[in-house]
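Next come the chains, spelled out residue by residue.
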Amino acid sequence: MANELLILFLGTILFLCVESKYIAYNTSQGVVPGKLNVHLVAHTHDDVGWLKTVDQYYVGSNNSIQGACVQNVLDSVVQALLADKNRKNGGMCMHDEASTHYIDMIDQTTLGHRFIKEEFGVTPRVGWQIDPFGHSAVQAYLLGAEVGFDSLFFGRIDYQDRAKRKREKSLEVIWQGSKSFGSSSQIFAGAFPENYEPPPGGFYFEVNDVSPVIQDNLDLFDYNVEDRVNDFVTAALSQANITRTNHIMWTMGTDFKYQYAHTWFRQLDKFIHYVNKDGRVNALYSTPSIYTDAKYATNETWPIKTDDYFPYADNANAYWTGYFTSRPAIKRYVRLMSGYYLAARQLEFFSGRMNSGPNTDSLADALAIAQHHDAVTGTEQQHVANDYSKRLAIGYKEAEQLVSSTLACLVESTLPAGCQNPVTMFQQCPLLNISYCPASEVDLSHGKNLVIIVYNSLAWRRNEVIRIPVIDDNVAVHDSNGTEIESQLLPQAEVFEGLRNFYVKAYLGHTPPNTPKYWLAFTVSVPPLGFSTYTVSTAKRTGSTKSSVNTYQSNEKARFEVGQGNLKLTFSTDEETHSNYVNIRSMMDKQVEQKYLYYSGYNGSHQKDPQNSGAYIFRPNGTYFINHERQITRLHKEKEHVEVEFIVGPIPIEDGTGKEVATKISTALSSKKTFYTDSNGRDFIKRIRDFRTDWDLEVNQPIAGNYYPINLGIYIKDNKTEFSVLVDRSVGGSSLEDGQIELMVHRRLLLDDSKGVAEALNETDCVADDCRGLTVQGKFYYRIDPLGEGAKWRRTFGQEIYSPLLLAFSEKDDKDDWMNSHVPTFSGMDSSYTLPDNIAMITLQELDDGAVLLRLAHLYEIGEDKDLSVKTSVELKKLFPEKKIKEVKEMSLSANQERTEMEKKRFAWKVKGSFGDEHVLSRGGPVDQKELAVELAPMEIRTFIIYFDDNDMPNLLSDA
């Protein structure tokens with residue numbers, strides 16, 4: 001058609017008549033058998049916070065940091081897709097795989113999958129984990145196959161591993177991530193040839209990108225169709241040389257691309273049109289699902305992959321193992337909120353979900369965002385970390401209201417007024433870790449008693465010691481029956497006073513008026529999914545003991561013993577780091593040495609390889625032992641493990657050097673370079689120092705290259721003994737010497753590591769003009785067992801760490817007969833029932849339609865424990881004693897499709913070889929709809945939506 005162009009040039013109007021032709025680009029091409037098919041997958045990777053906050057990324061603000069606006073992406077992509085039905089585009093951001101707990105991963109994925117199903121009626125078929133810094137076995141089998149995915153794609157694997165896989169054409173594999181499930185939970189998994197960006201050769205087409213566009217107008221200069229087609233074919237053939245079958249995928253996009261989507265799609269249209277006219281290869285608009293279907297249709301036999309893709313390094317001195325520990329405070333905050341969310345959802349079910357009142361939705365959203373691979377990882381800028389914490393705090397505040405009101409209604413349910421408007425006011429203490437709890441620091445000398453509700457979110461009875469700060473030593477504790485119980489007053493450690501005052505002022509803006517003198521400790525017994533009540537009053541103390549403090553001079557030699565039960569520790573003042581560990585029940589008698597050390601962060605001084613240690617990268621430059629870190633070692637009555645509470649920081653930087661602090665625990669075990677770390681708190685994976693299963697490792701970083709992510713624990717063993725250490729948050733750890741376990745607990749670094757965050761990991765807290773490096777308080781726990789007996793403690797106590805007892809406080813007058821006027825104990829389950837020792841309830845959540853989402857998890861792997869690695873049944877009726885179950889639907893793990901439908905669609909991939917004893921692999925059978933019994937095999941997690949009769953008893957709260 002003819003176009004007239006009006007040009008104003010130096011004041012002269014010039015009319016040009018140019019003859020041009022409209023070109024209709026053919027973008028409809030599908031897969032062509034016998035040709036090399038290039039699947040063009042248009043995608044955008046939009047971080048949920050990183051250099052900017054999630055809101056700033058969405059609206060496009062704060063562009064001085066990064067020019068990124070997700071609103072622009074959404075608006076322009078939708079328009080571009082509507083312009084041509086053949087076009088395709090996708091984008092998602094994903095949780096991390098190293099610093100996340102499996103329960104959090106499930107919750108986050110469920111939130112997204114159910115939203116997609118409800119809003120669009122779509123069930124996702126693929127995992128798109130393109131940016132996490134290493135990939136876990138749990139992601140493959142649990143958050144992959146068990147959510148119904150046919151395939152899983154990712155961008156980051158070790159540079160040595162990638163090079164070998166390119167040579168062997170094994171970037172794409174069948175990943176069997178579970179020893180317990182083997183081939184029954186395998187997934188097609190593909191690592192991209194080079195990260196998740198377009199291939200080499202100039203294929204970036206954002207409006208300001210420099211790649212040459214296709215200029216196909218013969219009337220204009222720089223016509224280049226043939227050149228660009230040749231570039232395309234060359235890149236395609238190059239990738240085909242490292243890929244099995246005649247299908248390759250091009251990831252056409254990267255971070256925050258498609259803000260101007262037409263600039264991309266215009267070029268992709270042209271490439272498809274001209275490449276297919278050329279005929280040497282076939283180009284098509286595709287998706288990961290289309291690509292997976294094409295791969296499956298080839299009937300290829302694929303190499304097998306087991307275990308995981310940790311640790312990840314992108315060059316010889318750049319091991320991405322520092323982020324396993326980076327920002328330890330926010331890692332702990334996420335873990336605390338996760339356990340709280342689990343408990344709050346249970347109480348929300350007991351009370352009845354209220355859309356118009358306080359609920360758990362805000363906390364669910366905040367936790368889902370916090371699982372992002374630049375959130376809990378600690379690899380975000382400081383202002384973004386603050387934003388994540390703020391969201392968690394807002395979510396907690398609303399959930400706290402829900403928890404308090406529900407507990408009030410539960411304790412008042414026998415009152416004539418019912419539970420419409422409870423009068424009991426409960427307070428909670430989110431800063432109890434720094435010994436600040438106003439609710440317990442009350443003066444009880446004027447006829448007041450402190451009421452403590454202790455809620456247990458686990459589905460088995462717990463007997464544990466709890467501690468609360470108190471200001472008076474003349475106190476007594478009574479249980480739900482009114483019987484005085486044994487208690488203990490422990491003096492507050494001096495170090496906690498300064499920590500408490502500084503951080504309370506940081507959080508609340510003022511210094512606490514009083515400092516409690518003691519911790520009050522006593523043992524509580526709490527029913528499953530329920531609570532017990534305890535009261536603290538001023539009274540003659542008959543069942544309590546008051547601890548004393550013994551101080552020893554540095555040159556004084558003395559030995560002292562701690563422990564009143566089976567476990568005893570003996571310390572010597574002249575060997576402060578050593579203790580003698582004796583368990584008279586298990587006949588364990590071992591020497592244990594614990595030290596703190598720091599690694600000097602590499603400062604980039606080497607010109608040939610100036611890689612710094614930073615938020616992502618751990619690159620040590622010397623090891624130095626230190627003796628000024630502070631800790632408290634505890635043994636609890638009737639428990640057989642050691643609790644170590646540490647305070648680390650502020651890490652000194654006056655010498656201009658960043659430091660990474662670790663604790664090293666040494667024994668005499670002959671562990672033969674072998675240790676075991678958990679995968680997202682679930683399966684334990686065997687590690688061998690300086691070794692990789694999939695390739696011959698070239699050791700460049702013997703410390704950083706042997707660090708692994710730990711979310712539950714780490715253990716070593718020899719032919720007689722197991723030594724286990726459990727943690728209270730995500731950390732990095734290793735066994736760098738036989739018999740020894742090391743955990744990195746804190747990091748403070750002064751240089752950026754040039755991996756994208758563009759900021760040093762130098763966390764600082766300021767109160768007015770007083771700015772200090774971050775102080776971290778935390779705990780780890782250790783235990784020594786005879787060989788084969790450690791799993792019971794690791795699994796049971798690991799669940800208790802994740803789900804701590806929830807404490808709520810109120811006051812009453814001496815004259816009030818609380819125990820008779822209120823409900824002192826409660827269990828949401830049948831009073832005669834408890835879950836088996838090897839089963840945990842990891843989700844109990846009321847949905848918007850009144851149905852209940854229930855997840856049950858078997859805690860043991862096949863062969864992990866001689867007694868508990870067995871199939872086990874759960875009676876659903878006894879979990880809901882006040883309701884009549886009408887229907888039970890078993891769902892996929894993310895609860896967006898029925899399990900039977902998911903299994904029907906599962907692909908049967910052909911693999912080269914396998915591992916494990918396939919004949920022992922098993923699953924629990926179908927739900928017995930009459931008896932309502934559920935069977936779980938080792939490591940199995942089963943997800944159900946349960947419907948109740950409409951005429952059931954009402955919940956304790958109404959939406960009035």
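Residues numbered from 1 in each chain as written. Predicted model: local features only at pLDDT ≥ 70, side-chain atom pairs only at ≥ 80, totals over all residues. Heavy atoms only, no water.

### A few points about the packing of helix α10 (residues 361-370) against helix α11 (residues 382-411)
Okay, so step 1: Running from N to C, α10 and α11 cross one another at 155°; their axes reach a closest spacing of 7 Å. One way to sum up the angle between α10 and α11 is to call them roughly antiparallel. In the crossing of α10 with α11, the sense of the turn from one axis to the other is left-handed. Between α10 and α11, the contacting residues are Ser-362, Leu-363, Ala-366, Leu-367 and Ile-369 on the first element and Tyr-388, Arg-391, Leu-392, Ile-394, Gly-395, Tyr-396, Glu-398 and Ala-399 on the second.
Okay, so step 2: By residue class, the composition of the contact of α10 with α11 is nine nonpolar, two polar and two charged. (Axes fitted to C-alpha atoms, helices over the stretch in contact; angles between N-to-C directions. Helix = DSSP H or I, 4+ residues; strand = E, 2+ residues; numbered from the N terminus. Parallel < 35°, antiparallel > 145°, perpendicular 65-115°, else oblique. Left-handed = near helix turned anticlockwise from the far one by under 90°. Contact = heavy atoms within 4.5 Å. Nonpolar A, V, L, I, M, F, W, Y, C, P; charged D, E, K, R; others polar.)

### Looking at the pattern of salt bridges
Okay, so step 1: Within the structure shown, the criterion is met by 63 salt bridges.
Okay, so step 2: Residues Glu-640 and Arg-585 are paired through a salt bridge, measuring 2.8 Å at the closest nitrogen-oxygen approach. A residue pair is termed long-range when its members are at least 10 positions apart, and Glu-640 in the loop between β26 (630-635) and β27 (642-648) and Arg-585 in the loop between β23 (575-583) and β24 (588-601) qualify at 55 residues.
Okay, so step 3: Each of Glu-146, Arg-899, Glu-903, Arg-906 and Arg-923 takes part in a single network of salt bridges with overlapping partners. (Salt bridge = Lys/Arg side-chain N within 4 Å of Asp/Glu carboxyl O.)

### Re the environment of Glu-575
Okay, so step 1: For Glu-575, the position within the fold is in strand β23.
Okay, so step 2: Separated by 349 residues in the primary sequence, Glu-575 and Gly-924 place their C-alpha atoms 52 Å from one another.

### As for the confidence of the model for the protein chain
Okay, so step 1: In the predicted model, the protein chain carries a mean pLDDT of 92, and the fraction of residues at 70 or more is 94%.
Okay, so step 2: Throughout residues 956-960 the model reports pLDDT below 50, and contacts reaching past four residues in sequence, or to other chains, amount to 14 contacts. (pLDDT = per-residue confidence, 0-100.)

### A look at the nonpolar core
Okay, so step 1: Membership of the largest hydrophobic core comes to 64 residues, with the highest contact counts inside it found for Tyr-581, Phe-723, Val-725, Phe-780 and Tyr-782.
Okay, so step 2: Shared between two domains, this core takes at least three residues from each, and those domains are domain 1 (426-549 + 799-828) and domain 2 (559-798).
Okay, so step 3: When residues no more than four places from it in sequence are discounted, the contact partners of Phe-723 are Ile-665, Thr-667, Leu-669, Ile-714, Tyr-715, Ile-716, Ile-741, Tyr-782, Arg-783 and Ile-784.
Okay, so step 4: Membership of the second largest hydrophobic core comes to 57 residues, among which are Ala-366, Val-403, Val-874 and Val-934. (Core = buried A, V, L, I, M, F, W, Y, C linked by side-chain atoms within 4.5 Å. Buried < 20%, exposed > 50% of the residue type's maximum accessible area, 1.4 Å probe, protein only. Domains from an automatic or database assignment.)

### Side note on the UniProt feature "domain: Glycoside hydrolase family 38 central" (unreviewed entry) in the protein chain
Okay, so step 1: With numbering aligned to this structure, UniProt lists the feature "domain: Glycoside hydrolase family 38 central" (unreviewed entry) at residues 318-392.
Okay, so step 2: Taken end to end, residues 318-392 is 60% helix and 3% strand, and its first and last C-alpha atoms sit 32 Å apart. (UniProt positions renumbered as here; feature names shortened; annotations may be inferred.)

### Considering the environment of Arg-748
Okay, so step 1: With respect to the helices and strands, the residue Arg-748 is situated in strand β35 (residues 740-748).
Okay, so step 2: A relative accessible area of 10% places Arg-748 in the buried class.
Okay, so step 3: Each C-alpha atom of the pair Arg-748 and Glu-556 lies 35 Å from the other, and the pair is 192 residues apart in sequence.
Okay, so step 4: When neighbours within four sequence positions are excluded, Arg-748 is seen to be in contact with Pro-650, Ile-651, Ile-653, Gly-658, Lys-659, Leu-761, Asn-762, Glu-763, Thr-764 and Gly-773.
Okay, so step 5: A distance of 2.7 Å separates the side chain of Arg-748 from the backbone oxygen of Ile-651, its partner in a polar contact. (Polar contact = N/O pair within 3.5 Å; in protein donor to acceptor, adjacent residues only side chain to side chain.)

### Description of the domain arrangement of the protein chain
Okay, so step 1: With domains assigned, the protein chain is organised as domain 1 (426-549 + 799-828), domain 2 (559-798) and domain 3 (839-948).
Okay, so step 2: One C-alpha centre belongs to domain 1, the other to domain 3, and the line joining them spans 37 Å.
Okay, so step 3: Each partner contributes residues to the interface: domain 1 has five residues there, and domain 3 has seven residues.
Okay, so step 4: Both sides together, the interface formed by domain 1 and domain 3 hides about 450 Å², and carbon and sulfur atoms give 68% of it. (Buried area = accessible area lost by both parts, 1.4 Å probe.)

### Brief notes about the sheet that holds strand β3 (residues 37-42)
Remark on secondary structure: sheet strands pair via backbone hydrogen bonds, oriented parallel or antiparallel.
Okay, so step 1: The strand order across the open sheet built from three strands is β8-β3-β9, with neighbouring strands paired in parallel fashion. One side of each edge strand has no neighbouring strand; the edge strands of this open sheet are β8 (247-252) and β9 (282-285). With direction set aside, neighbouring strand axes in the sheet form an average angle of 25°.
Okay, so step 2: Judged from the six bridges that link them, β3 and β8 form a sheet pairing that is parallel. Residue Asn-37 lies in a different strand from β8, and its bridge partner there is His-247.
Okay, so step 3: Its contacts with the sheet put helix α6 (residues 225-240) on β3, β8 and β9, and the angle it makes with β8 is roughly 120°.
Okay, so step 4: Helix-sheet contacts for helix α7 (residues 261-278) involve β3, β8 and β9, and the interaxial angle to β9 is about 145°. (Pairing = 2+ DSSP bridges.)

### With respect to the pairing of strand β7 (residues 187-191)
Okay, so step 1: The buried count for β7 comes to five of five residues, which makes it a mostly enclosed element.
Okay, so step 2: Every second residue of β7 is oriented toward a common face, with Ile-187, Ala-189 and Ala-191 on one face and Phe-188 and Gly-190 on the other, all of them buried.
Okay, so step 3: One ladder, built from four bridges, connects strand β5 (residues 151-154) with β7; its direction is parallel. In the sheet register, Phe-153 faces β7, and the bridge partner there is Gly-190.
Okay, so step 4: One ladder, built from four bridges, connects strand β6 (residues 172-175) with β7; its direction is antiparallel. In the sheet register, Val-173 faces β7, and the bridge partner there is Ala-189.

### Some points on the packing of helix α9 (residues 328-351) against α11
Okay, so step 1: At a minimum axis distance of 9 Å, the contact between α9 and α11 shows a crossing angle of 30°. Comparing the axis directions of α9 and α11 gives the class roughly parallel. Here the hand of the crossing between α9 and α11 comes out left-handed.
Okay, so step 2: Residue composition of the contact of α9 with α11, grouped by class: 17 nonpolar, three polar and two charged.

### Some details on the sheet that holds strand β10 (residues 301-305)
Okay, so step 1: In space, the six strands of this open sheet follow the order β4-β5-β7-β6-β10-β45, with mixed pairing throughout. Each having just a single partner strand, β4 (126-129) and β45 (910-912) make up the two edges of the open sheet. Averaged over all pairs of adjacent strands, the angle between their axes in this sheet comes to 40°, without regard to strand direction.
Okay, so step 2: Contacting β4, β5, β6, β7 and β10, helix α8 (residues 288-297) crosses the sheet at an angle of about 120° to β5.

### Some details on the side chain of Ser-457
Okay, so step 1: Position of Ser-457 relative to the elements: it lies in the loop between β13 (448-456) and β14 (462-470).
Okay, so step 2: Apart from residues lying up to four places away in sequence, Ser-457 is in contact with Leu-342, Ala-343, Gln-346, Arg-462, Leu-529 and Ser-803.

### So, unusual backbone geometry
Okay, so step 1: In this structure, the amide linkage connecting Phe-310 to the following residue, Pro-311, adopts the cis form with an omega of -10°.
Okay, so step 2: For Pro-311, the location among the structural elements is in the loop between β10 and β11 (313-315).
Okay, so step 3: The phi torsion at Asn-195 lies on the positive side, around 55°, for a residue other than glycine.
Okay, so step 4: In this fold, Asn-195 is placed in the loop between β7 and α6.
Okay, so step 5: Of note, Met-939 is a non-glycine position whose phi angle comes to about 70°, a positive value.
Okay, so step 6: Here Met-939 shows up in the loop between β46 (933-936) and β47 (941-948).
Okay, so step 7: What makes Met-939 buried here is its relative accessible area of 0%.

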